[in-house]
Amino acid sequence: MDAKDLDNINALLDQDVELREKIKDQVTELDKKTRTMTGLLNKIHSTPTSELPRLLDSVRPTLMSCSETTSALATIIPPNQFWRWKDMWSNSLRSIVFTAALMKYLTSGSLISIHRVEEILDVKEEQKDRFCLPPEDYLHGIISMVNELSRLAVNAVTLGNFEEPIRISVFVKDLFAGFSMLNLKNDTLRRRFDSLKYDLKKIEEVVYDVSLRKLAPSSQKEPSPAESK
């Protein structure tokens, strides 16, 4: 290998190091935002229903500001190199989906679409070879939301909100049915989907207890865990 080839290789290595550092700076900023949002949303477990809108309003500005960082990433990443670098920010991306999905449920009781999350992240069609929202990361974020809802079902009862576990049960059952129709070939995603069965069982047990004690009128519409098997 002659000196010219070595110089070229060194130059390419230096470029990669420089690019990695630029990406790392943006990912660090994104991580800060996701930690802030997760910390604030953790308060839903001790916040009365009447005060939830105010809590969600405190999270929303940080969520919407994530697009500034993702747009910066899209500018930094060279064309057609998204899949080369995506592992650096996958966890942050999943946390953003989790936040957006949980806020959507708490606001309207419905599921946020992948297209809506892309809008929040300001994913542009012409930049999708540099930055996009992979379906796998979207689904990971949705599963994380279900994990959190199973915890909320328990804590809602503690706060005296006996209707919430029933609403969560209906929502998660519908979501689980949708996941069951997906052809999941990703091993990690498949294992996480299997864990939803335990979340669903936990939620059903809460609903069964509420129904047994007749704490909520609509709880009588829900079957017991034994009946739902």
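Residues numbered from 1 in each chain as written. Predicted model: local features only at pLDDT ≥ 70, side-chain atom pairs only at ≥ 80, totals over all residues. Heavy atoms only, no water.

Where an unreviewed UniProt entry is consulted, the chain appears under the name Translin, with the organism given as Schizophyllum amplum.

Asks: How should the environment of Glu-126 be read in this particular structure?
Replies: Among the secondary structure elements, Glu-126 is positioned in the loop between α5 (114-121) and α6 (135-158). Using a relative accessible area of 61% as the deciding quantity, one classes Glu-126 as exposed. Sequence-wise, Glu-126 and Asn-91 are 35 residues apart; in three dimensions their C-alpha atoms are separated by 24 Å. (Helix = DSSP H or I, 4+ residues; strand = E, 2+ residues; numbered from the N terminus. Buried < 20%, exposed > 50% of the residue type's maximum accessible area, 1.4 Å probe, protein only.)

Asks: Is there a simple way to explain the domain arrangement of the chain in this structure?
Replies: It is common to give the size of an interface as the accessible area that goes away when the parts come together. Domain annotation of the chain identifies domain 1 (8-130) and domain 2 (134-214). Averaged C-alpha coordinates put domain 1 and domain 2 at centres separated by 23 Å. Taken together, the 26 residues of domain 1 in the interface contact 21 residues of domain 2. Summed over both partners, the interface of domain 1 with domain 2 buries about 1900 Å², with 70% contributed by carbon and sulfur atoms. Contact with domain 2 buries area across many residues of domain 1, yet His-45, Arg-94 and Tyr-105 alone supply 36% of it, more than any other trio. Between the two partners, domain 1 and domain 2, sit two salt bridges. Note that Asp-137 and Arg-94 form a salt bridge whose closest N and O atoms lie 2.7 Å from each other. At the boundary of domain 1 with domain 2, the tally comes to nine residue pairs in polar contact (both at pLDDT 80 or more). For the side of domain 1 that touches domain 2, the secondary-structure elements that each account for two or more residues are α3 (82-85), α4 (90-108) and α5. Examining the composition of the side of domain 1 that touches domain 2, we find that nine residues originate from one element, α4, more than from any other. (Domains from an automatic or database assignment. Contact = heavy atoms within 4.5 Å. Buried area = accessible area lost by both parts, 1.4 Å probe. Salt bridge = Lys/Arg side-chain N within 4 Å of Asp/Glu carboxyl O. Polar contact = N/O pair within 3.5 Å; in protein donor to acceptor, adjacent residues only side chain to side chain.)

Asks: I would appreciate a short explanation of empty space enclosed by the protein in the present structure.
Replies: Regions of empty space are outlined by a rolling probe, equal in size to a water molecule, passed over the atoms. One pass over the structure, following the stated rule, counts one cavity of 30 Å³ or more. The space that makes up the largest cavity amounts to roughly 40 Å³. Forming the boundary of the largest cavity are Thr-70, Ser-71, Ala-74, Leu-121, Asp-122, Val-123, Lys-124, Gln-127 and Phe-131. For the lining of the largest cavity, the element with the highest residue contribution is helix α2 (residues 52-76), accounting for three residues. Taken together, the residues of the lining of the largest cavity break down into four nonpolar, three polar and two charged. (1 Å grid on protein atoms, 1.4 Å probe; cavity = no way out; pocket = protein on both sides within 12 Å on 5 of 7 lines; lining within 4 Å. Points joined across faces, edges and corners; volume = space filled by probe spheres on them. Nonpolar A, V, L, I, M, F, W, Y, C, P; charged D, E, K, R; others polar.)

Asks: Would you mind showing me how to read unusual backbone geometry here?
Replies: Backbone phi values are negative for most residues with the exception of glycine, while trans is the configuration of most peptide bonds. Within the chain, Asn-80 stands out as a residue other than glycine whose phi angle is a positive 65°. Along the polypeptide, Asn-80 turns up in the loop between α2 and α3. One non-glycine residue with positive phi stands out, namely Asp-122, at about 60°. Tracing the backbone through its elements, the reader meets Asp-122 in the loop between α5 and α6. Here Asp-122 falls in the partly exposed class, since its relative accessible area comes to 33%.

Asks: Honestly, α4 in this entry has me stumped. Any pointers?
Replies: Note: α-helices contain 3.6 residues per turn, so residues at a spacing of three or four share the same orientation. With 19 residues, α4 ought to run about 27 Å at 1.5 Å a step, and its terminal C-alpha atoms sit 27 Å apart, in line with that. In the segment just after α4, Gly-109 is the residue with positive phi, at about 75°. (Expected span 1.5 Å × (residues − 1).)

Asks: Can you walk me through the environment of Leu-149 in this structure?
Replies: Here Leu-149 lies in helix α6. Leu-149 gets classed as buried once you look at its relative accessible area, which sits at 0%. A sequence separation of 104 residues divides Leu-149 from His-45, and the C-alpha atoms of the two residues are 9.7 Å apart.

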